[in-house]
Amino acid sequence: ARKAVSIAMTASTIVWSIGAATLAPMAAQAASAGSLVKVASNSEVFYLGANSKIYSFPNETTYKSWYTDFTSVQTISQSELNSYSIAGTVTIRPGTKLIKITAIPKVYAVEPNGGIRWIESEAVAKALYGDTWAQRVVDVPSSLFPFYKEGSSINTNAYPTGSLVKSASSSDIYYVDGSSKRKVTSAGISGNNLNSAFVVTAQDAVFNALTMGTDITGTDSSIPTISGGSSVVVVPGG
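The shown structure was predicted, so the numbers you read here are calculated from the model rather than taken from an experiment.

Peer 1: Describe the sheet that holds strand β12 (residues 173-177), and please don't skip the residues or the numbers.
Peer 2: Pairing in this open sheet of five strands is mixed, and the strands run β14-β11-β12-β13-β15 from one edge to the other. This sheet does not close on itself; its edge strands, each paired only once, are β14 (200-201) and β15 (211-212).

Peer 1: Go over the pattern of salt bridges with me, naming the residues and quoting the values.
Peer 2: Under the criterion given, the structure shown has six salt bridges. The salt bridge involving Lys-100 is made with Asp-139; its shortest N-O contact spans 2.7 Å. Note that Lys-100 is positioned in strand β6 (residues 98-101) and Asp-139 in strand β9 (residues 137-140), a separation of 39 residues in sequence. The closest approach of N and O atoms between Arg-117 and Glu-111, which form a salt bridge, is 3.5 Å. An identical accessibility class is assigned to Arg-117 and Glu-111; each is buried. A single salt-bridge network, built from bridges that share partners, covers Asp-177, Arg-182 and Asp-220.

Peer 1: Tell me about the sheet that holds β6, residues and numbers included.
Peer 2: Spatially, five strands are ordered β9-β6-β7-β8-β10 in an open sheet, and the strand pairing comes out mixed. The open sheet terminates on both sides in strands that have one partner only, identified here as β9 and β10 (149-150). Taken together, the four bridges between β6 and strand β7 (residues 104-111) define a ladder with antiparallel strand orientation. For Ile-99, the partnering residue across the bridge sits in β7 and is Tyr-108.

Peer 1: Tell me about the pairing of strand β13 (residues 180-184), and name the residues and values.
Peer 2: Burial of β13 is extensive: four of the five residues sit out of reach of the surface. As judged from the five bridges shared by β12 and β13, these two strands associate in the antiparallel manner. Note that in β13 the partner of Ile-173 across the bridge is Val-184. Taken together, the two bridges between β13 and β15 define a ladder with parallel strand orientation. Note on β15: the bridge partner recorded for Lys-181 is Met-212.

Calculation notes
- Every chain's residues receive numbers from 1 upward, in the order its sequence appears when written.
- Only residues with pLDDT of at least 70 get local features here, since the model is predicted, and only at 80 or more are side-chain atom pairs given and counted; chain-wide, interface and lining totals rely on the full set of residues.
- Where side-chain values are given, they derive from all heavy atoms of the structure, hydrogens and water being excluded.
- In short, DSSP must find at least two bridges between two strands for them to pair.
- Runs of E in the DSSP output that reach at least two residues are strands. Runs of H or I that reach at least four are helices, and both are numbered from the N terminus.
- The working definition used for a salt bridge is a side-chain nitrogen of Lys or Arg within 4 Å of a carboxyl oxygen of Asp or Glu.
- Burial classes follow relative accessibility: with a 1.4 Å probe on protein chains only, a residue under 20% of its type's maximum area counts as buried, one over 50% as exposed, and anything between as partly exposed.

Don't take any of this as a statement about function, it's just geometry.
Here it is in structure tokens:
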């Protein structure tokens, strides 16, 4: 079964790597923890964790839930890439895309720790994400679904952890952390690599139901990042 998953992931990588083929050739140089890396002869991109292991992005959709483009990708030598073991795959970033299995039309929100929560009805999806909620939905091949862990479903108008929201009357951005909302400053946006393109304008009742938490004014360890051993990276067979 693991071989089948590996084959499916390889096929997916070939497809999305075409989109990364526009990366300009660069001289190979040693990478440090936290780097996005590739080799000159191949456009597949990996994340180098603090544990000196690399993590694969199964497709371009997953990559672009974390990064807006490929400008920060570093070219390393083939021998350096060969020295790293592949420890796992990266899941969709919480608070960005909604996902569903290709063959089953159940839509899930993604939370930290690779968790997913089924959104029980279109009415709930529309209340949380607006009339264009379906534009946030992306297909995840069934072979990749085991990399996520299903939790409780969402049957009320409450945003999942990791969501970025704002009210209709203000441009301030808030990070949903459980039942609270935490205002994110510009330094908090850049310090946690958050993407304002995924901010949702919440209905007043839903927004006001969230209690006010502490502001996020810089890098915050409670916000998921891709890092070696982090729970947002799911190790195959783990």
